[in-house]
Amino acid sequence: MTAMKKTTMRKPTEHTCDWIVLDAENQIVGRMASRIAMRLMGKHKPDYTPSFDCGDGVIVVNCEKIVFAGAKWDKKIYRRHSGYIGGLKEITARKVLSSHPDRILYMAVKRMLPKGKLGEKMIKKLKIYSGSEHPHAAQNPSSLDLATVTR
């Protein structure tokens with residue numbers, strides 16, 4: 001008789017949150033957002049559990065130097081609605097970058113995370129800054145090069 005294999009589920013008390021720093025300079029928005037979402041969810045870890053937050057914290061610097069593939073700076077439109085008649089607001093990606101450069105990457109990552117309370121908890125561990133400096137030295141973040149990361 002062969003031994004039974006068991007799937008181990010990690011408990012929330014056993015989780016340790018590591019912090020990483022990513023440089024967004026000359027990175028494509030969608031590719032970077034998908035890698036950040038994987039890190040926030042914890043899917044890069046062998047003991048990933050989908051029912052609770054087991055991901056790492058991510059600090060992104062130089063978000064004003066991020067790029068879109070193709071001609072999306074003028075063609076990509078962000079829409080929101082106030083709920084009133086005629087309340088549709090549309091803005092291009094170029095205008096969003098000029099006024100709030102962190103929102104492009106934030107919205108891309110947030111839409112890739114799970115919806116609900118778990119996704120809200122995960123997105124709180126994402127810190128985005130336009131310059132090359134960040135105030136999170138106390139977390140002892142490690143630097144990660146996205147060019148070498150496949151997942």
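Residues numbered from 1 in each chain as written. Predicted model: local features only at pLDDT ≥ 70, side-chain atom pairs only at ≥ 80, totals over all residues. Heavy atoms only, no water.

*Asks:* Break down the layout of surface pockets for me, with residues and values.
*Replies:* If you add up the space inside the largest pocket, you get close to 210 Å³. If you trace the largest pocket, you find it lined by Tyr78, Arg79, Arg80, Ile91, Val96, Ser99, His100, Arg103, Met107 and Arg111. Elements supplying a minimum of two residues to the lining of the largest pocket: β3 (77-81), α3 (93-99) and α4 (101-110). Among the elements that make up the lining of the largest pocket, the one with the highest residue count is β3 (three residues). Grouping the constituent residues of the lining of the largest pocket by class yields four nonpolar, two polar and four charged. By volume, the second largest pocket amounts to about 170 Å³. The wall of the second largest pocket is formed by Ile28, Val29, Gly30, Phe68, Ala69, Lys72, Lys76, Tyr78, Ile104, Ala108, Arg111 and Met112. Within the lining of the second largest pocket, the residues separate by chemical class into eight nonpolar, one polar and three charged. (1 Å grid on protein atoms, 1.4 Å probe; cavity = no way out; pocket = protein on both sides within 12 Å on 5 of 7 lines; lining within 4 Å. Points joined across faces, edges and corners; volume = space filled by probe spheres on them. Helix = DSSP H or I, 4+ residues; strand = E, 2+ residues; numbered from the N terminus. Nonpolar A, V, L, I, M, F, W, Y, C, P; charged D, E, K, R; others polar.)

*Asks:* Just give me the short version of the packing of helix α1 (residues 29-41) against α4, but keep the residues and values in it.
*Replies:* Between α1 and α4, whose axes approach to 9 Å, the crossing angle comes to 55°. Comparing the axis directions of α1 and α4 gives the class oblique. Judged by the twist between their axes, the crossing of α1 over α4 is right-handed. Contact residues: α1 offers Val29, Met32, Ala33, Ile36, Ala37 and Leu40, while α4 offers Ile104, Leu105, Ala108 and Val109. In terms of residue class, the contact of α1 with α4 is made up of 10 nonpolar, no polar and no charged. (Axes fitted to C-alpha atoms, helices over the stretch in contact; angles between N-to-C directions. Parallel < 35°, antiparallel > 145°, perpendicular 65-115°, else oblique. Left-handed = near helix turned anticlockwise from the far one by under 90°. Contact = heavy atoms within 4.5 Å.)

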